[in-house]
Amino acid sequence: MLARSCLRSTRGVSAVRNGAVNTTKRAASSTSNAASPFALNVAGTVSTAMAIGSAAWYYHLYGPELHAMTPVEEGLHPTKYPWEHAKWNKTFDHQALRRGFQVYQEVCASCHSLSRVPYRALVGVTHTVDEAKAMAEANEYDSEPNDEGEIEKRPGKLSDYLPRPYKNDEAARAGNNGALPPDLSLMAKARHGGIDYIFNLLTGYPDEVPAGAVVPEGLNFNPYFPGTGIAMARVLYNELVEYEDGTPASTSQMAKDVTEFLNWSAEPEMDQRKKMGVKVITITLALFALSVWVKRYKWAAVKTRKLNYTPPSMGGKHTNGH
Amino acid sequence: MGFFSDLMEAVTPWAEVEAEAPAKEEEEEGVKDSRDEESEDKEEEEVEEEEEEEEMVDPKEKFEAECRESKGCSSYKHHFDECVERVTGKSDDGPKEDCVEEFFHLAHCANACAAPKVFAALK
């Protein structure tokens, strides 16, 4: 207010020189005679108090987190491990994938299916064509009905999917004390904690159940499984498989390999996806650089333009001539 | 494969992809066989050596055991041990208690401490 009235008084002086323009401005500003400073202060204080109050009320209503489950029911949160292949500029270690497939086939495949993986998907990832063909041929699949309508068995082909251990889910339950071993194809995406969860689950069976914990009949104690009672017993023990590349097959090595393999089965496009990302970044940067040069080129004429203003001469000697 | 040929492939999806195993294996077979025999001999020796060695120790178990005893996890270890003592020493008709939560805290601490060491030790 003070500043404005000061301005107005200086303007009043210049108004003498500039004439009509300033008189209209002065008339407009003098009509808006604002509320008293006290009323304004009250309004500001009250609105601030209301803002703070509503935030506090919101926090009171929704702030504190509710835990409907006990920590035991939630299960122990999986520990994060520094997976090399999970870094944005790293690929799967295909040697590890090959070992992981071996662990899946020799250990997990007797209970868990991997129904979304055909033999052809392994070609160039874990095995060569000939190896994959040989593995497929070791299984029998139903053929098309023959002339008599009978369905015969034929050896597997590259396009066949890995065979499931049980005919159907009911048979799987019957063979596992009523618990269904889930399909593992997408397991890395299907659980909170992803690959860390699988790795922790496989290696997390303690030697000794904590004192006082009750493990129901037929279940096993695993802290990472929600509720801690899991129908799958510990399956990995040191030197259970023999790796063809001579890697020492400790429990955690096998768990790491099979987990990385299950990450591949859930995300087989990962290597390509990351490569595509780098291509996108590279091409975008190249186009950006190009656009900077094009902009310079296009603007060159504008930027180097000189405006030369020659005022028309008024009065002086020229007018004298007319 | 060069970057530009890669880019070309990306925009020409009809490009060919080779999935066949390298063909040269057959030619080398004769040489390989003799090598195989040699390495088999060596393997046998190794196996004998291994049998003398003690049992394999899982790096995860080893590092986690160390971490449980470490200073960083000592308070969790203390609570857990205390709980175990309390629960195991208690008579059956008292209120039920277990040490699962204490176990969680200790395990979480030990696992986080061991995680980088375990992965450094694994392939």
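This is a predicted model, so every value here is computed, not measured.

*Asks:* Break down the UniProt feature "domain: Ubiquinol-cytochrome C reductase hinge" (unreviewed entry) in chain B for me, citing the residues and quoting the values.
*Replies:* When the UniProt feature table is mapped to this numbering, "domain: Ubiquinol-cytochrome C reductase hinge" (unreviewed entry) covers residues 58-123 of chain B. Helix makes up 74% of residues 58-123 of chain B and strand 0%, whereas the separation of the span's terminal C-alpha atoms amounts to 13 Å.

*Asks:* Give me the pairing of strand β2 (residues 151-155) of chain A: which residues, what numbers.
*Replies:* Residues and elements named next belong to chain A. Counting buried residues along β2, only 0 of its 5 residues qualify, which leaves the element largely exposed. In this structure, strand β1 (residues 140-145) lies alongside β2, joined through 4 bridges in antiparallel fashion. Pairing of Pro145 across the sheet is with Ile151, part of β2.

*Asks:* Quick rundown of the UniProt feature "domain: Cytochrome c" (unreviewed entry) in chain A? Include the residues and the values.
*Replies:* The UniProt record annotates "domain: Cytochrome c" (unreviewed entry) at residues 95-202 of chain A. End-to-end, the C-alpha atoms of residues 95-202 of chain A are 20 Å apart, and along that stretch the chain is 41% helix and 10% strand.

*Asks:* Before we move on, could you go through the nonpolar core and cite the residues and values that matter?
*Replies:* With 67 residues, the main nonpolar core has Val103, Tyr104, Leu114, Leu122, Phe261 and Trp264 of chain A as its most contacted residues. Considering every element that reaches this core, the biggest residue donor is helix α5 (residues 100-121) of chain B, with 11 residues. For Val103 of chain A, the residues in contact, after removing those within four places along its chain, are Cys108, Leu236, Val241, Tyr243, Met254 and Val258 of chain A.

*Asks:* Run through the packing of helix α10 (residues 194-203) of chain A against helix α11 (residues 251-266) of chain A, naming residues and quoting values.
*Replies:* All names here are of chain A. The N-to-C vectors of α10 and α11 enclose an angle of 150°; their axes lie 9 Å apart at closest approach. When the axes of α10 and α11 are compared, the pair comes out roughly antiparallel. For the pair α10 and α11, the crossing hand works out as right-handed. Within the contact between the two elements, α10 uses Ile195, Ile198, Phe199, Leu202 and Thr203 and α11 uses Thr251, Ser252, Ala255, Lys256, Val258, Thr259, Leu262 and Asn263. Its residues placed into classes, the contact of α10 with α11 shows 7 nonpolar, 5 polar and 1 charged.

*Asks:* Can you break down the packing of aromatic side chains residue by residue, with the values?
*Replies:* Both the distance between ring centres and the angle between the ring planes are used here to describe each pair of aromatic rings. All told, the structure shown has 11 aromatic pairs over all chains when counted by the stated rule. An aromatic cluster of at least three residues, connected via ring pairs, comprises Tyr81, Trp83 and Phe199 of chain A together with Phe119 of chain B. Taking the ring centre of Phe119 of chain B as reference, the NZ or CZ of Lys256 of chain A above it sits at 4.9 Å. Positioned over the ring face of Phe63 of chain B is Lys62 of chain B, at 4.6 Å from the centre of the ring.

*Asks:* Give a detailed account of the pattern of salt bridges, specifying residues and quantitative values.
*Replies:* This model, assessed by the stated rule, comprises 14 salt bridges over all chains. Salt-bridge contacts for Lys77 of chain B lead to Asp81 of chain B; the nearest nitrogen and oxygen are separated by 2.8 Å. With Lys77 of chain B and Asp81 of chain B both in helix α4 (residues 74-89) and 4 residues apart, this pair spans about one turn of that helix. Through salt bridges with shared partners, a single network forms among Arg99, Asp245 and Asp257 of chain A together with Lys123 of chain B.

*Asks:* I'd love a proper account of the state of the cysteines, names of residues and values included.
*Replies:* Under the counting rule described, the total for this entry stands at 3 disulfides over all chains. Here Cys73 of chain B engages in a disulfide with Cys109 of chain B; their sulfurs sit 2.0 Å apart. As the torsion about the S-S bond is roughly -90°, the Cys73 of chain B-Cys109 of chain B disulfide counts as left-handed. Highlighted residues: Cys73 of chain B in the loop between α3 (59-69) and α4 and Cys109 of chain B in helix α5, separated in sequence by 36 residues. Cys73 of chain B sits in the buried class, given a relative accessible area of 1%. What pairs with Cys83 of chain B in a disulfide is Cys99 of chain B, and their sulfur atoms sit 2.1 Å apart. Here the disulfide of Cys83 of chain B and Cys99 of chain B is left-handed, its torsion about the S-S bond being about -95°. One end of the pair, Cys83 of chain B, is in helix α4; the other, Cys99 of chain B, is in the loop between α4 and α5, with 16 residues separating them in the sequence. Given the relative accessible area of 1%, Cys83 of chain B is considered buried. Within chain B, bonded cysteines paired by disulfides and numbered along the sequence follow the pattern 1-6, 2-5, 3-4. Unpaired in this structure, Cys108 of chain A has its nearest cysteine sulfur neighbour in Cys111 of chain A, at a distance of 8.7 Å.

*Asks:* Run through the environment of Pro165 of chain A, naming residues and quoting values.
*Replies:* Residues and elements named next belong to chain A. Tracing the backbone shows Pro165 in the loop between β2 and α8 (169-174). On the basis of relative accessible area, Pro165 is assigned to the partly exposed category, the value being 31%. Between the C-alpha atoms of Pro165 and Cys111, which are 54 residues apart in sequence, the distance is 5.9 Å.

*Asks:* Any details on the interface of chain B and chain A? Residues and values, ideally.
*Replies:* If you look at the interface, chain B gives 34 residues, while chain A gives 43 residues. Both sides of the chain B and chain A interface together cover about 3,100 Å² of buried area, and 68% of this is carbon and sulfur. Of all residues in chain B, the largest losses of buried area upon contact with chain A belong to Met56, Phe119 and Lys123 of chain B, amounting jointly to 25% of the total for that side. Taken together, the connections running from chain B to chain A amount to 1 salt bridge. A salt bridge links Asp245 of chain A to Lys123 of chain B; the nearest nitrogen and oxygen atoms lie 3.8 Å apart. Viewed at the interface, chain A and chain B are joined by 8 residue pairs in polar contact (both at pLDDT 80 or more). Residue assignment for the side of chain B that touches chain A shows that the elements contributing at least two residues are α1 (3-11), α3, α4 and α5 of chain B.

*Asks:* Now, about the packing of α3 of chain B against α5 of chain B: what can you tell me, with residues and values included?
*Replies:* Residues and elements named next belong to chain B. Between α3 and α5, the shortest axis-to-axis distance is 8 Å and the interhelical angle comes to 135°. The angle between α3 and α5 places the two elements in the oblique class. Regarding α3 and α5, the two cross each other, and that crossing is right-handed. Side by side, α3 and α5 meet where Pro59, Lys60, Phe63, Glu64, Cys67 and Arg68 of the first sit next to Leu106, Ala110, Asn111, Cys113, Ala114, Lys117, Val118 and Ala121 of the second. Each residue belonging to the contact of α3 with α5 can be placed in one class, and the counts come to 9 nonpolar, 1 polar and 4 charged.

About the thresholds
- Residues numbered from 1 in each chain as written.
- Chains lettered and ligands numbered in written order.
- Predicted model: local features only at pLDDT ≥ 70, side-chain atom pairs only at ≥ 80, totals over all residues.
- Heavy atoms only, no water.
- UniProt positions renumbered as here; feature names shortened; annotations may be inferred.
- Helix = DSSP H or I, 4+ residues; strand = E, 2+ residues; numbered from the N terminus.
- Buried < 20%, exposed > 50% of the residue type's maximum accessible area, 1.4 Å probe, protein only.
- Pairing = 2+ DSSP bridges.
- Core = buried A, V, L, I, M, F, W, Y, C linked by side-chain atoms within 4.5 Å.
- Contact = heavy atoms within 4.5 Å.
- Axes fitted to C-alpha atoms, helices over the stretch in contact; angles between N-to-C directions.
- Parallel < 35°, antiparallel > 145°, perpendicular 65-115°, else oblique.
- Left-handed = near helix turned anticlockwise from the far one by under 90°.
- Nonpolar A, V, L, I, M, F, W, Y, C, P; charged D, E, K, R; others polar.
- Phe/Tyr/Trp six-rings, centres within 6.5 Å; stacked < 30°, edge-to-face > 60°.
- Lys NZ or Arg CZ within 6 Å of the ring centre and 35° of its normal.
- Salt bridge = Lys/Arg side-chain N within 4 Å of Asp/Glu carboxyl O.
- Disulfide = S-S within 2.5 Å.
- Buried area = accessible area lost by both parts, 1.4 Å probe.
- Polar contact = N/O pair within 3.5 Å; in protein donor to acceptor, adjacent residues only side chain to side chain.

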